[in-house]
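Structural overview for review
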Amino acid sequence: MSMRNIGLAVTLASLVGGCSFFGGPAQKETDTDATQRAEDPYHTSAKYNPYTGYNPKTQEGTDGVSLMGMLFGSGDKKGGGGDANAPGAPSGVGVNSYLWRATLDTVSFMPLASADPFGGVIITDWYSPAESPTERFKMNVFILGRELRADGVRATVFRQKRDPSGQWVDAAVEPQTGIDLENAILTRARQLRLNTASK
């Protein structure tokens with residue numbers, strides 16, 4: 001083996017030996033996100049939480065606001081106001097609180113597929129009335145603003161019928177059905193507002 005080959009082998013060994021892939025000294029980790037993921041994979045450490053006083057078990061901060069309180073109201077009996085910004089209104093509802101509660105009351109006989117209090121969207125799952133098992137209904141209700149107005153809610157009703165082979169097929173819905181649902185929601189919202197005003 002020549003001196004040149006020995007020198008090349010020593011150089012190559014020193015280069016490979018310094019590489020962390022081959023067991024050499026590892027470089028110091030500079031990626032702070034990777035460090036955080038390694039030290040706190042479940043994001044529960046107060047060290048990485050920018051919110052002081054936050055309790056991940058109760059999801060409540062030092063200000064007393066909880067996730068459930070934001071979504072469904074704080075439970076106080078102060079009223080609720082005519083809109084989402086009114087004093088005492090649930091802070092987690094981004095739309096008119098009376099229309100939101102009235103919609104939930106009106107469609108309470110149907111199973112809910114989705115309810116978004118921030119966007120004001122309530123989507124029910126399919127429901128078959130006991131007296132008519134060969135047809136089923138689904139409703140989408142959109143609350144359009146923060147004020148209690150006659151044009152503040154839009155409802156769409158979908159209907160399907162079971163064909164002879166047992167498959168559900170879309171069927172026509174009377175246009176008045178959606179309007180009747182909107183009117184029922186508005187009537188209930190007015191009742192809720194009057195009940196709050198009389199207290």
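Residues numbered from 1 in each chain as written. Predicted model: local features only at pLDDT ≥ 70, side-chain atom pairs only at ≥ 80, totals over all residues. Heavy atoms only, no water.

1. What about the pairing of strand S3 (residues 135–143)?
The element S3 is extensively covered by neighbouring structure, given that 7 of its 9 residues are classed as buried. Direction of pairing for strand S2 (residues 121–124) relative to S3: antiparallel, over a ladder of 3 bridges. Bridge assignment links Val121 to a residue of S3, and that residue is Phe142. The pairing of S3 with strand S4 (residues 153–162) spans 9 bridges and is antiparallel. When the bridges of S4 are listed, Glu135 appears paired with Lys161. (Buried < 20%, exposed > 50% of the residue type's maximum accessible area, 1.4 Å probe, protein only. Helix = DSSP H or I, 4+ residues; strand = E, 2+ residues; numbered from the N terminus. Pairing = 2+ DSSP bridges.)

2. Some points on the side chain of Arg136
As for its position among the elements, Arg136 is in strand S3. There is a polar contact of 2.7 Å between the side chain of Arg136 and the side chain of Gln160. Once you skip the residues sitting within four places of it in the chain, Arg136 turns out to touch Trp126, Tyr127, Ser128, Phe158, Arg159, Gln160 and Trp168. (Polar contact = N/O pair within 3.5 Å; in protein donor to acceptor, adjacent residues only side chain to side chain. Contact = heavy atoms within 4.5 Å.)

3. Describing the packing of aromatic side chains
Counting across every chain of the model gives 1 aromatic pair. Geometrically, the ring pair formed by Phe109 and Tyr127 is edge-to-face, given 5.4 Å between the ring centres and 80 degrees between the ring planes. Of this pair, Phe109 sits in the loop between helix H4 (97–106) and strand S1 (112–116) while Tyr127 sits in the loop between S2 and S3; the two residues are 18 residues apart in sequence, bridging distant segments of the chain. Overall, the relative accessible area of 47% leaves Phe109 in the partly exposed class. When its relative accessible area of 26% is taken as the criterion, Tyr127 is described as partly exposed. (Phe/Tyr/Trp six-rings, centres within 6.5 Å; stacked < 30°, edge-to-face > 60°.)

4. Some points on the sheet that holds S3
Read across the sheet, 5 strands follow the order S1-S2-S3-S4-S5 without closing on themselves; strand pairing throughout is antiparallel. Each edge of the open sheet is held by one strand with a lone partner, namely S1 and strand S5 (168–171). Strand-to-strand, the axes of this sheet are offset by a mean angle of 15 degrees, without reference to chain direction. (Axes fitted to C-alpha atoms, helices over the stretch in contact; angles between N-to-C directions.)

5. A closer look at the packing of H4 against helix H5 (residues 175–198)
Packing of H4 against H5 brings their axes to within 8 Å, and their N-to-C directions diverge by 120 degrees. As judged from the angle between their axes, H4 and H5 are oblique. Crossing of H4 over H5 shows right-handed handedness. Together, Tyr98, Leu99, Arg101, Ala102, Thr103, Asp105 and Thr106 of H4 and Leu181, Ala184, Ile185, Leu186, Arg188, Ala189, Leu192, Arg193 and Thr196 of H5 make up the contact between the two elements. In terms of residue class, the contact of H4 with H5 is made up of 9 nonpolar, 3 polar and 4 charged. (Parallel < 35°, antiparallel > 145°, perpendicular 65-115°, else oblique. Left-handed = near helix turned anticlockwise from the far one by under 90°. Nonpolar A, V, L, I, M, F, W, Y, C, P; charged D, E, K, R; others polar.)

6. Points about the confidence of the model for the chain
For the chain, the average pLDDT comes to 74, and 54% of its residues sit at 70 or higher. Here residues 54–68 scores under 50 on pLDDT; set against residues more than four positions off or in separate chains, the count is 17 contacts. (pLDDT = per-residue confidence, 0-100.)

7. Let's talk about the nonpolar core
With 20 residues, the main nonpolar core has Leu99, Trp100, Met139, Val141, Leu181 and Ile185 as its most contacted residues. Going through the elements one at a time, H4, S3, S4 and H5 are the ones with two or more residues in this core. Not counting residues within four places of it along the chain, the set of residues in contact with Met139 comprises Val107, Phe109, Met110, Ile122, Ile123, Thr124, Thr156, Val157 and Leu181. (Core = buried A, V, L, I, M, F, W, Y, C linked by side-chain atoms within 4.5 Å.)

8. Describing the pairing of S4
Note that S4 and S5 share 4 bridges and pair antiparallel. By the bridge assignment, Gln160 is partnered in S5 with Asp170. Linkage of S4 to S5, two consecutive antiparallel strands, is achieved through a turn of 5 residues, within which Gly166 is found at a positive phi near 95 degrees.

9. Details of H5
With 24 residues, H5 extends 36 Å between its outermost C-alpha atoms, agreeing within 8% with the 34 Å of an ideal straight helix rising 1.5 Å per residue. The set of residues buried in H5 consists of Gly178, Leu181, Glu182, Ile185, Leu186, Ala189 and Leu192. Those residues of H5 hidden inside the fold are in contact with H4, S3 and S4. (Expected span 1.5 Å × (residues − 1).)

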